[in-house]
Amino acid sequence: MIIDAHQHFWRLGEAEQPWRRDSHHRIARDYLPDDLITAAAGTPVTGTVLVESVDGPDENDRLAVFAEQPPVVGVVGWLPLADPAAARRELDRITIPKLSGVRCLIGAAPIEWTRDPEVRALFAELAGCGLAWDVVPVTAEQVEAVIDLAEAVPELKIVLDHLARPPVETAGWQPWADQLARLAGLPAVAIKLSIGLDVLSAWESWQADALPRYVEWAIRRFGPERCMLASNWPVVELRAPYARAWHDVRSVAAAVCDSPGLAEISGGTARRWYGLPDHPPAEETQPPKEIR
């Protein structure tokens, strides 16, 4: 199964998206499962990981409905992770099929709350439930906090979204490169080979030629067994259609990896990190096990 490890659905106006600005008018519409199937038609993708895009319990309720529809094979839901008591209540309340991970939107805000002993106890509990933590660190300080947490709760699977926000638009390198190497030294940390909102917003158009330096560095540091191909659809449509973005990133990975490595990046890593099934939804003979 070829897995897109990061995509979203939303109905415009159903929930406020504080991250979406006026300049993001290209994606100011509904994006639903049928739209994804159409967008991905030019790719080999047969399963996806659906990721929350709005913080709040209503988002989990929406995800629970979307999770039942192909090509979704896993879901990263929302939890108020800075408030362990509230997070536990929400985890008890939700009934998301295929729940595989959790996250909350952090933007560029400090995440010192990850150093709170109660929060770390919560993360240990999530690890015990088989749930990964997705995070998009965009500042050096946030990366340091992620490193500290990974060292303090080594059993927690951590997934860095969108290449941990490399300075692609300025052709920058440090401190991103050294910090990524440190993250790669932590065995429970994996990374998604996708392009995030900040970079897409900074670009005037899709810049495929800018990607190899950063994607290759991530693959060589983490190894294929801890890298995942991901589209970040529909956010990526700010600058490129799904198929073009997917093929451009995959081409970089294919130039770096042998066939077994490319298979890991294209699905094997996502299956292990998120506990996903081995086959696409249409081929399943039984519903995938719900992780709670």
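Residues numbered from 1 in each chain as written. Predicted model: local features only at pLDDT ≥ 70, side-chain atom pairs only at ≥ 80, totals over all residues. Heavy atoms only, no water.

Q: Honestly, helix 10 (residues 259–274) in this entry has me stumped. Any pointers?
A: Along an α-helix, residues three or four apart share an orientation, since each turn contains 3.6 residues. In this model helix 10 runs 22 Å from its N-terminal to its C-terminal C-alpha over 16 residues, within 8% of the 22 Å that 1.5 Å per residue would give. The largest bend in helix 10 amounts to roughly 55 degrees and is located at isoleucine 265. Of the residues making up helix 10, those classed as buried are Gly261, Leu262, Ile265, Ser266, Gly267, Gly268, Thr269, Ala270, Trp273 and Tyr274. Once helix 10 finishes, glycine 275 follows within two positions and takes phi at roughly 65 degrees, a positive value. (Helix = DSSP H or I, 4+ residues; strand = E, 2+ residues; numbered from the N terminus. Expected span 1.5 Å × (residues − 1). Bend = angle between axes of the 7 residues up to and from the residue. Buried < 20%, exposed > 50% of the residue type's maximum accessible area, 1.4 Å probe, protein only.)

Q: What am I meant to see in the confidence of the model for the protein here?
A: For the protein, the average pLDDT comes to 94, and 96% of its residues sit at 70 or higher. Across residues 283–292, confidence stays below pLDDT 50; counting only partners more than four residues off in sequence or on other chains, it has 18 contacts. (pLDDT = per-residue confidence, 0-100. Contact = heavy atoms within 4.5 Å.)

Q: What am I meant to see in the sheet that holds strand 6 (residues 158–160) here?
A: Paired through backbone hydrogen bonds, the strands of a sheet run either parallel or antiparallel to each other. Reading across the sheet, the 8 strands line up as 1-2-3-4-5-6-7-8 and stay open at both edges, with parallel pairing between neighbours. Pairing within the sheet leaves two strands with one partner each, and these edge strands are strand 1 (3–7) and strand 8 (227–229). When the angles between neighbouring strand axes are averaged without regard to direction, this sheet yields 25 degrees. As paired strands, strand 5 (residues 132–135) and strand 6 are joined by 3 bridges and run parallel to one another. (Pairing = 2+ DSSP bridges. Axes fitted to C-alpha atoms, helices over the stretch in contact; angles between N-to-C directions.)

Q: Explanation requested: unusual backbone geometry in the structure shown.
A: Most peptide bonds take the trans form, and the phi angle of most residues other than glycine is negative. At the junction of glutamine 174 and proline 175, the peptide bond is cis and its omega measures out at 5 degrees in the coordinates. Mapping proline 175 onto the fold places it in the loop between strand 6 and helix 6 (176–184). A cis amide bond links tryptophan 233 to the next residue, proline 234, at an omega of 5 degrees. Looking at the secondary structure, you find proline 234 in the loop between strand 8 and helix 9 (242–256). For leucine 163, which is not glycine, the phi torsion reads 60 degrees and is therefore positive. Positionally, leucine 163 belongs in the loop between strand 6 and helix 6. Under the relative-accessibility criterion, leucine 163 is labelled buried at 1%. With a phi close to 55 degrees, alanine 164 is a non-glycine residue in the positive phi region. Mapped onto the elements of the fold, alanine 164 is located in the loop between strand 6 and helix 6. A relative accessible area of 5% places alanine 164 in the buried class.

Q: Would you explain helix 6 in this entry?
A: Trp176, Ala177, Gln179, Leu180, Leu183 and Ala184 are the residues of helix 6 that are buried. Axial view of helix 6: buried residues confined to an arc of 165 degrees, hence all on one face. Residues of helix 6 that are buried sit in contact with helix 5 (140–152), strand 6, strand 7 (189–193) and helix 8 (212–222). (Arc of directions from axis to C-beta.)

Q: In this structure, what is going on with the pattern of salt bridges? I would like to understand it.
A: It is possible for side chains bearing opposite charge to pair when their charged atoms get close. The full count for this structure, using the stated rule, is 18 salt bridges. Linking arginine 103 and glutamate 52 is a salt bridge whose minimum nitrogen-to-oxygen distance equals 3.0 Å. Taken as a pair, arginine 103 in strand 4 (residues 99–103) and glutamate 52 in the loop between strand 2 (47–51) and helix 2 (57–66) lie far apart in primary sequence, 51 residues in all. Of the two residues, arginine 103 and glutamate 52, neither departs from the other in class, the shared state being buried. In this structure, arginine 93 engages aspartate 61 in a salt bridge whose closest nitrogen and oxygen atoms are separated by 3.1 Å. Of this pair, arginine 93 sits in helix 3 (residues 84–93) while aspartate 61 sits in helix 2, and the two are 32 residues apart along the sequence. Sharing partners across several salt bridges, the network here consists of Glu52, Arg103, Asp134, Asp161 and Lys192. (Salt bridge = Lys/Arg side-chain N within 4 Å of Asp/Glu carboxyl O.)

Q: Honestly, empty space enclosed by the protein in this entry has me stumped. Any pointers?
A: Enumeration according to the criterion identifies 2 cavities of 30 Å³ or more in this entry. Approximately 80 Å³ is the volume attributed to the largest cavity. Every residue lining the largest cavity is counted, 14 residues in all, and those nearest its centre are Trp10, Arg11, Ala15, Gln17 and Val54. Taken together, the residues that form the lining of the second largest cavity break down as 7 nonpolar, 2 polar and no charged. (1 Å grid on protein atoms, 1.4 Å probe; cavity = no way out; pocket = protein on both sides within 12 Å on 5 of 7 lines; lining within 4 Å. Points joined across faces, edges and corners; volume = space filled by probe spheres on them. Nonpolar A, V, L, I, M, F, W, Y, C, P; charged D, E, K, R; others polar.)

Q: Looking at this structure, how should I read the pairing of strand 7?
A: A regular strand carries its side chains on alternate faces of the sheet. Burial analysis of strand 7 places 5 of its 5 residues in the buried class, which makes it a mostly covered element. Of the two faces of strand 7, the one holding Val189, Ile191 and Leu193 and the one holding Ala190 and Lys192 are both buried throughout. Bridging between strand 6 and strand 7 involves 3 bridges; their strand directions are parallel. Across the sheet, the residue bridging to leucine 160 is isoleucine 191, located in strand 7. Following the backbone out of strand 6, through helix 6 and into the adjacent parallel strand 7, one traces a crossover that is right-handed. Across 3 bridges, strand 7 lies against strand 8 in parallel orientation. Counterpart to isoleucine 191 in the pairing with strand 8 is cysteine 227. (Right-handed = clockwise from strand over helix to strand, strands pointing away.)

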